[in-house]
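Structural characterization, general
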Amino acid sequence: MSKLQSFLALDGADRIATFEAMGLLLYARLLVAMVPPRRWRSRFGSIGCASPQGGREAVDLGTVRRMRLAVMRALRHVPGAPNCLPQALAARWMLERRGIASDLYIGTQRAPGDHPRFHAWLKVGEEWVTGLCDEGEYALFSTGDAEVA
C-alpha cells in the first residue's frame, strides 16, 4: 500500500491531526532553531515536574494516543527530522487545543562524559506522548534553571 493510500485510509480526524502536527512540528523546529530561548521559553508552559495527579480530571486516552500517532506520522513527512523538543512542543500544543493537560520534561543525561546529552519528553499522567526514555537516567531542569535550547 502506498503512502497516499495509507493516508487516505485514515479517518478524517486522523488526517486533520496529521496536517496539524506537520504544521506545528515545522513551527516548533523553526522556533527552537532560530529564536533565542529567552524569547520563547515562556511558550513551554511549566516544565520539569509533573502536575498533581489528584487535580487532574479524567483524560480521554484515545485522544492522547491519536495525537501521539499524528506526531509520529507527521515526522515522516517533515523536512529536517525535528528532534525531541519540537516533537514535545507540537504534541503539547495539540493536546492543549483539545483541553488536555500534559507534563513537559526537559533533562540532561546523568552519565559522565565530555558532552551532556539533553532530552525532552511529554506525558499525560503515566501515558507517554513523545520522547520515550528511561527517566531515571536524566536530571530534570526546573522552570528556574538556565536556558534550555
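A brief structural summary. (Residues numbered from 1 in each chain as written. Predicted model: local features only at pLDDT ≥ 70, side-chain atom pairs only at ≥ 80, totals over all residues. Heavy atoms only, no water.)

1. Considering the side chain of Thr-63
Mapped onto the fold, Thr-63 is located in helix α4 (residues 61-75). In terms of polar contacts, Thr-63 uses its side chain to reach the side chain of Asp-60, at 2.5 Å. Not counting the four nearest positions on each side in its chain, Thr-63 is found in contact with Arg-98 and Ile-100. (Helix = DSSP H or I, 4+ residues; strand = E, 2+ residues; numbered from the N terminus. Polar contact = N/O pair within 3.5 Å; in protein donor to acceptor, adjacent residues only side chain to side chain. Contact = heavy atoms within 4.5 Å.)

2. Let's talk about the side chain of Glu-127
Mapped onto the fold, Glu-127 is located in strand β3 (residues 127-130). In this structure the side chain of Glu-127 is engaged in a polar contact, spanning 3.0 Å, whose partner is the side chain of Arg-65. Discounting chain neighbours no more than four positions away, the residues touching Glu-127 are Leu-61, Val-64, Arg-65, Arg-68 and Leu-122.

3. Quick notes on α4
Between its first and last C-alpha, α4 extends 21 Å over 15 residues, near the 21 Å set by a 1.5 Å rise per residue. Residues of α4 that are buried include every one of Thr-63, Val-64, Met-67, Arg-68, Ala-70, Val-71, Arg-73 and Ala-74, and no others. Next to the buried residues of α4 lie α2 (12-34), α5 (84-97), β2 (118-124) and β3. Near the N-terminus of α4, the side chain that reaches the backbone nitrogen of Gly-62, with its oxygen 3.2 Å away, is that of Asp-60. (Expected span 1.5 Å × (residues − 1). Buried < 20%, exposed > 50% of the residue type's maximum accessible area, 1.4 Å probe, protein only.)

4. Regarding the packing of α2 against α5
In the contact formed by α2 and α5, the axes pass within 8 Å of each other and the chain directions differ by 130°. Here α2 is positioned oblique relative to α5, judged by the angle of their axes. In this structure, α2 crosses over α5, and the sense of that crossing is right-handed. Residues Ala-17, Glu-20, Ala-21, Leu-24, Leu-25, Tyr-27, Ala-28, Arg-29, Leu-31 and Val-32 of α2 form the contact with α5, whose participating residues are Leu-85, Pro-86, Gln-87, Leu-89, Ala-90, Trp-93, Met-94 and Arg-97. (Axes fitted to C-alpha atoms, helices over the stretch in contact; angles between N-to-C directions. Parallel < 35°, antiparallel > 145°, perpendicular 65-115°, else oblique. Left-handed = near helix turned anticlockwise from the far one by under 90°.)

5. Some thoughts on the nonpolar core
Most often, soluble globular proteins have nonpolar side chains that are buried together. Residues Met-94, Leu-95, Leu-122 and Val-129 are the most contacted members of the largest nonpolar core, which totals 30 residues. Going through the elements one at a time, α2, α4, α5, β1 (103-109) and β2 are the ones with two or more residues in this core. The leading source of residues in this core is α5, at nine residues. Among all residues touching Val-129, those that are not within four sequence positions of it are Val-64, Arg-68, Ala-91, Leu-95, Leu-122, Lys-123 and Val-124. Counting five residues, the second-largest nonpolar core is a separate cluster that includes Tyr-105, Trp-121, Trp-128 and Cys-133. (Core = buried A, V, L, I, M, F, W, Y, C linked by side-chain atoms within 4.5 Å.)

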